[in-house]
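Spelled out, the chains give:
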Amino acid sequence: MSSFRSIGRVAVIGAGAWGTALALQALRAGAATALWARDPDRALAMRAARENAAHLPGQPLPAELRITADAGEALEGADLALLVVPCQHLAGVLAAFPPLPPSLVAAKGVEHGTLRLPLEILADARPGLPAGVLSGPNFAREVAQGLPAAAVVASTDETLRQDAAACLSTAGFRLYDHDDPVGAEVGGAAKNVIAIAAGAVIGAGLGENARAALVTRGLAEIARLAVALGGRAETVAGLSGLGDLLLTCTGGSSRNFSLGLALGQGRQLGAILAERNSVTEGVATAPAMLARAAAVGVEMPITAAVADVLEGRMDVAGAVEQLMNRPLRQEV
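What counts and how
Residues numbered from 1 in each chain as written. Predicted model: local features only at pLDDT ≥ 70, side-chain atom pairs only at ≥ 80, totals over all residues. Heavy atoms only, no water. UniProt positions renumbered as here; feature names shortened; annotations may be inferred. Helix = DSSP H or I, 4+ residues; strand = E, 2+ residues; numbered from the N terminus. Rg over C-alpha atoms; globule rule 2.2 N^0.38 Å. Buried < 20%, exposed > 50% of the residue type's maximum accessible area, 1.4 Å probe, protein only. Contact = heavy atoms within 4.5 Å. Areas by Shrake-Rupley, 256 points an atom, 1.4 Å probe, with all protein chains shown as cover. Domains from an automatic or database assignment. Buried area = accessible area lost by both parts, 1.4 Å probe. Polar contact = N/O pair within 3.5 Å; in protein donor to acceptor, adjacent residues only side chain to side chain. Arc of directions from axis to C-beta. Core = buried A, V, L, I, M, F, W, Y, C linked by side-chain atoms within 4.5 Å. Salt bridge = Lys/Arg side-chain N within 4 Å of Asp/Glu carboxyl O.

The name given to the chain in an unreviewed UniProt entry is Glycerol-3-phosphate dehydrogenase [NAD(P)+], and the organism recorded there is Pseudoroseomonas ludipueritiae. Its UniProt record, at the heading Subcellular location (unreviewed entry), says of the chain: "Cytoplasm". Annotation of the chain in UniProt includes, under Sequence similarities (unreviewed entry), the sentence "Belongs to the NAD-dependent glycerol-3-phosphate dehydrogenase family."

Novice: So what about the overall build of the chain? Which residues, and what values?
Specialist: Within the chain one finds 16 helices and ten strands. The C-alpha radius of gyration computed for the chain amounts to 19 Å, which stays within 12% of the reference 20 Å derived for 332 residues, consistent with globular compactness. Dimensions of the chain along its principal axes, counting C-alpha atoms only, are 55 × 40 × 35 Å. The buried share of the chain, taken over its 332 residues, is 52%. Counting contacts in the chain only where the partners sit at least 6 residues apart, residues at least 24 apart contribute 66% of the total. Summed over its atoms, the accessible surface of the chain is roughly 13800 Å², and 55% of this surface lies on carbon and sulfur atoms.

Novice: Just give me the short version of the UniProt feature "domain: Glycerol-3-phosphate dehydrogenase NAD-dependent N-terminal" (unreviewed entry) in the chain, but keep the residues and values in it.
Specialist: Per the UniProt annotation, the sites labelled "domain: Glycerol-3-phosphate dehydrogenase NAD-dependent N-terminal" (unreviewed entry) are residues 10–159. For the annotated span residues 10–159, helix accounts for 34% and strand for 25% of the residues, and the straight-line distance between the end C-alpha atoms is 16 Å.

Novice: Please set out the domain arrangement of the chain residue by residue, giving values where relevant.
Specialist: For an interface, size is often stated in terms of accessible area lost upon the parts coming together. Taken domain by domain, the chain comprises domain 1 (9–179) and domain 2 (182–324). Taking the mean C-alpha position of each, domain 1 and domain 2 sit 24 Å from one another. With 28 residues of domain 1 in contact, the opposing surface of domain 2 contributes 28 residues. For the pair domain 1 and domain 2, the summed buried surface comes to about 2200 Å²; carbon and sulfur atoms form 68% of the total.

Novice: Explain the environment of Lys191 to me, using residue names and the numbers behind them.
Specialist: Note that Lys191 resides in helix H8 (residues 181–203). Note: C-alpha distance between Lys191 and Ile302 (111 residues apart in sequence) is 11 Å. When sequence neighbours within four positions are dropped, the list of residues in contact with Lys191 reads Lys108, Ile222, Asp244, Leu245 and Thr248. A polar atom in the side chain of Lys191 sits 2.9 Å from the side chain of Asn192.

Novice: Talk me through helix H5 (residues 118–125); I want residue IDs and the actual numbers.
Specialist: For H5, the full list of buried residues reads Pro118, Leu119, Ile121 and Leu122. Buried residues along H5 cover an arc of 155° about the axis, so they all sit on one side. Taken together, the buried residues of H5 touch strand S6 (80–83), helix H4 (87–95), strand S7 (103–105), strand S8 (131–135) and H8.

Novice: Please provide a residue-by-residue account of the nonpolar core, values included.
Specialist: Among the nonpolar cores identified, the biggest contains 43 residues, and Leu263 and Leu310 are the most heavily contacted of them. Within the residue set of this core, elements represented by two or more residues are H8, helix H9 (208–228), helix H11 (239–250), helix H12 (255–264), helix H13 (269–274), helix H14 (281–295), helix H15 (301–310) and helix H16 (316–324). What Leu263 contacts, discounting residues up to four positions off in sequence, is Ile196, Leu269, Ile272, Val309, Leu310 and Val316. Grouped together as the second largest cluster of nonpolar side chains are 40 residues, Ala15, Leu35, Leu61 and Leu104 included.

Novice: Hey, could you go over the pattern of salt bridges for me, with residue numbers and the actual values?
Specialist: Under the definition given, this model contains 14 salt bridges. In this structure, the salt-bridge partner of Arg116 is Asp124, at a minimum N-O distance of 2.9 Å. Looking at Asp124, the relative accessible area reads 51%, which means it is exposed. Through salt bridges with shared partners, one network takes in Lys108, Lys191 and Asp244.

In structure tokens form, the structure reads like this:
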């Protein structure tokens, strides 16, 4: 893989599992890398143990990875920032941060209340900043371990997307550049919602046929929304859409699938979330995405069913019955 022409330093903002994995990947690709954690005590513990015990236990963190809770220190000299903060917290973090270099958002979701996608949040906070999206079918632990994976860097800025892809790629982590960030963002956000539904189907014992049908129809509604927001349907058929959807709807490491699985088994949402130390993005995204879709006249029945279940208006059995009894129509 060719070396990057101008980016030598990368700042990763957010020390969850995915942020830590991306920091390790940036190091592996040859960039001097800093990892920012919001909590000073966590940053101190990670530096001392050379491990992110809360989110990637057992994964060593090399001595050359700089770990800090000081935003200025993390961004000092950085040519590229990776913003790996949950979508619902991104605006708050940006409000307190110093100026950023060109940035890629690696968060997935739709902001509750404002209905903004992550790049829209970033554009409002940092007008004119060269920015893009890093998205794809990636479990953090596998990327941290250097197992083979692929993802997409999507931006309307051709130089940024090509240079960032070259900077972060290695033989084990293949990055494609793409010019449709809207499609990539919609795919990345919506797949979390569909994964909750897929988990609920399996948890309720409804079978693999049902999951396959649900994933396929989920992809159709994701594509409808992407097009309505200015993206392209073919983007949703790629790594940041179908690829991410397949992984999240079938992989046991998916937080959203496992939450749906527990719901399908009859557990209560509050109890499931109380056991977790990381964000399950689809919970906040489902109602926000449904509202964003309604604003542009797009019907998303699976997303609506997930929102109904999460907000206690319907149980899993009722949601499945409602979906199966929708009027017959041509497949589109």
